[in-house]
Amino acid sequence: MQILIKCARFIERSFAYWILAFALTGFIFPEIFIGLKGYVNYLLGMIMFTMGLTLKLSDFNGIIKQPKQVAIGVLGQFIIMPLVALGLTQIFNLDPMLTIGILLVGCCPGGTASNVITFIAKGDLALSVTITSVTTLLAPIATPFLLQIITNENIDIQFFSMMKSIVNIMLIPIILGSTIRMIFGNKKLDTLTPILPLFSVAGIVLIVAIIVGLNQLKIKEVGFILMILIVLHNSLGFLIGYYLAKYTGLNLAQRKTIAIEVGMQNSGLAASLALAYFSPLAAVPGALFSVWHNISGSIFATIFNHYEQKNKS
């Protein structure tokens, strides 16, 4: 068990490298992953199930203890990122399906990786977990609703069908995991919690590799422009989130948390929904965002830690 825990900690700390390695593998050897297209939803469900296994009722105490901070994070997540995505897609002349993919990323809830980055950045971890949990629970309604608002009227969003998919992919696995935790108790499940990142990381890197493999030729064609757009989307999310928190009177740890929560999306969900409702091409922004936001999040955390250490010395 100790070997598994050490392995899980190593993989969690080196997550950005793993996701980059699998993205490159999917690009160089697409034939390995193309046949796994049908497993994307199951992989995302597994990730959400592991999230449910870690959730406790106490994780939602932040709604009572820090209602202002949670509200800022949730509203920032569902307002800033969709609007930034919309603005950027107006500037960049992309394929319509890539545009849908970017907008879909912007409308998704926070990603679970944000909790890890918040911990590394010495942010408010309890606040991070609460915001991620709340945005995830709101996603079945918020994501298709926001997407319908900001996309062209000619695009069929299939609101209720998409809402059902998000419930099946996200909420049911989370509820199932949380129910198992309640049945077996926190103490028993806490012994398994340290190894759960193994499953989460495996699910995310495989989703990225599958999407990259499916779209290898299109990525060669538009990859550079698309990456610029993704970097801008993510960076503006960090920046606007941070200053939103600053100007609403939050402390430094909370500012870092809000910045991370706003800037990091559940891009796995975006890729999964894009495959189900639009096209493999529309899933590319979600896959590339998964690669980039874990790298940028680690950079963000490192910069802040260095800044704090410099100020203390």
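Residues numbered from 1 in each chain as written. Predicted model: local features only at pLDDT ≥ 70, side-chain atom pairs only at ≥ 80, totals over all residues. Heavy atoms only, no water.

### Considerations on the overall build of the protein
Item 1. For the protein, the count of helices and strands is 16 helices and 0 strands.
Item 2. Its C-alpha atoms give the protein principal-axis dimensions of about 45 × 45 × 40 Å.
Item 3. Within the protein, the fraction of its 313 residues that count as buried is 55%.
Item 4. For the protein, the share of sequence-separated contacts (at least 6 apart) that also reach a separation of at least 24 residues comes to 84%.
Item 5. When the accessible area of the protein is evaluated, it comes to approximately 14,300 Å², of which 69% is carbon and sulfur surface.
Item 6. Here the protein holds 19 positive side-chain charges and 11 negative ones, and the gap between their average locations is 13 Å. (Helix = DSSP H or I, 4+ residues; strand = E, 2+ residues; numbered from the N terminus. Buried < 20%, exposed > 50% of the residue type's maximum accessible area, 1.4 Å probe, protein only. Contact = heavy atoms within 4.5 Å. Areas by Shrake-Rupley, 256 points an atom, 1.4 Å probe, with all protein chains shown as cover. Lys, Arg positive; Asp, Glu negative; His and termini not counted. Charge placed at Lys NZ, Arg CZ, Asp CG, Glu CD.)

### Quick word on helix 13 (residues 216–247)
At 3.6 residues per turn, the α-helix brings residues three or four places apart onto the same side.
Item 1. Along helix 13, the helix axis deviates most sharply at Val222, where the bend reaches about 70 degrees.
Item 2. Downstream of helix 13 by a residue or two, Gly249 has a phi angle that is positive, lying close to 85 degrees. (Bend = angle between axes of the 7 residues up to and from the residue.)

### Comments concerning helix 2 (residues 15–28)
Item 1. With 14 residues, helix 2 ought to run about 20 Å at 1.5 Å a step, and its terminal C-alpha atoms sit 20 Å apart, in line with that.
Item 2. Along helix 2, the residues classified as buried are Phe15, Ala16, Ile19, Ala23 and Gly26. On an axial view of helix 2, the arc spanned by its buried residues comes to 100 degrees, and they lie on one face. Looking at helix 2, the residues exposed on the side facing more than 90 degrees away from the buried face are Tyr17 and Ile28. (Expected span 1.5 Å × (residues − 1). Arc of directions from axis to C-beta.)

### Quick look at the nonpolar core
Item 1. Ile207, Leu226, Ile258 and Phe278 are the most contacted members of the largest nonpolar core, which has 90 residues in total.
Item 2. Excluding its chain neighbours within four sequence positions, the residues that come into contact with Ile207 are Val40, Leu43, Leu44, Ile47 and Ala271. (Core = buried A, V, L, I, M, F, W, Y, C linked by side-chain atoms within 4.5 Å.)

### Remarks on the environment of Leu36
Item 1. Examined against the element boundaries, Leu36 turns out to sit in the loop between helix 3 (30–34) and helix 4 (40–54).
Item 2. With a relative accessible area of 30%, Leu36 lands in the partly exposed category.
Item 3. Counting along the chain gives 173 residues from Leu36 to Ala209, while the straight-line C-alpha distance between them is 9.6 Å.

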